[in-house]
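# Overview (structure and organization)
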Amino acid sequence: MTGRVEGKVAFITGAARGQGRAHAVRLAQEGADIIAIDICRPIAGFLMPPSTPEDLAKTADLVKGHNRRIITAEIDVRDYQALKAAVDSAVQQLGRLDVIVANAGISHAGDTLDKTSEPDWQDMIDVNLSGVWKTVKAGVPHILAGGRGGSIVLTSSVSGLKANIFPHLGHYVAAKHGVVGLMRTFAVELGQHMIRVNSVHPTHVNTPMVMNEGAYKMVRPDLENPGPDDVAPFFQMSHTLPIPWVEPEDISNAVLFFASDESRYITGVTLPIDAGSCLK
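Fair warning: this is a prediction, and the values are worked out from it, not measured in the lab.

## Observations concerning helix 5 (residues 170-190)
Compared with the 30 Å implied by 1.5 Å per residue over 21 residues, the 30 Å span of helix 5 between its first and last C-alpha is a close match. Buried within helix 5 we find His171, Tyr172, Val173, Ala175, Lys176, Val179, Val180, Leu182, Met183, Phe186, Ala187 and Leu190. Along its buried surface, helix 5 packs onto helix 4 (118-146), strand 5 (150-155), strand 6 (195-202) and strand 7 (270-273).

Structural data, given as structure tokens:
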């Protein structure tokens, strides 16, 4: 099957690499033009290595390789006015908006919730929860203006459905649970316009958010220089299927399904892509 989102335009945040890049490429493969947003700079205090302008340019090259149009912008999802301006400009150039994929997020192990610092809490909520709301808020008027309905996909996590296996991630768990509340509320409010809203809930994904030196050391503090092979058994323990992590394309296939007309009557759904993690 090809052309599953032919002629549609998708707005994706966190698109410079990882899941966001995979979503952009997968939707482009199936016929969509892309609006790709990413911060492309560090957020102070967070372990994951930052995306870069070069990463975003690489995403653009990959989308263009499928003969699709793409407009990129280096935007922080915490900045609503910048988000709105970028989306407004891109839609004017591309002519429409059909799909929103609010994917941008951060992860950082801090302390137990009662000892979490206010800056750590605020950054996590501002990016992973408020940034999702601002992304949808910036894009929805254009879907409404099209009068064709549309699809919104919010990236949560298995941590949006249960407590995280990792210690000291309570602020992340709280934000990702909050995304489910956003999804269900948007689904109710926008359903009358044939705009469907769903969330995806990945387990560990083979991207820089998980696969980085800081995360390895958090999982294996007993080792001086742990690597992927050292943490794989620990990651696998959280799954029912005998694998340590999934690939970003596994999430992208779910995003594509929600973006396409194959899911035209599906809304308000939390879909785990979790190798059975929610069974534990």
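From this point, things continue past the structure.
## Quick word on the sheet that holds strand 5
The strand order 3-2-1-4-5-6-7 describes an open sheet built from seven strands, whose pairing is parallel. Both edges of this open sheet fall to strand 3 (70-74) and strand 7, since each of them pairs with a single strand only. The mean angle between the axes of side-by-side strands here comes to 15°, regardless of whether they run parallel or antiparallel. Contacting strand 1 (9-13), strand 2 (33-38) and strand 3, helix 3 (residues 80-94) runs over the sheet at an angle of about 160° to strand 2. Here helix 5 sits on the sheet in contact with strand 5, strand 6 and strand 7, set at roughly 165° to strand 6.

## A word on the pairing of strand 1
Most of strand 1 is tucked away, with five of its five residues classed as buried. In this structure, strand 1 lies alongside strand 2, joined through five bridges in parallel fashion. Its bridge partner lying in strand 2, Val9 is registered against Asp33. With three bridges connecting them, strand 1 and strand 4 (residues 99-102) associate as parallel partners.

About the criteria used
- Residues numbered from 1 in each chain as written.
- Predicted model: local features only at pLDDT ≥ 70, side-chain atom pairs only at ≥ 80, totals over all residues.
- Heavy atoms only, no water.
- Helix = DSSP H or I, 4+ residues; strand = E, 2+ residues; numbered from the N terminus.
- Expected span 1.5 Å × (residues − 1).
- Buried < 20%, exposed > 50% of the residue type's maximum accessible area, 1.4 Å probe, protein only.
- Contact = heavy atoms within 4.5 Å.
- Pairing = 2+ DSSP bridges.
- Axes fitted to C-alpha atoms, helices over the stretch in contact; angles between N-to-C directions.

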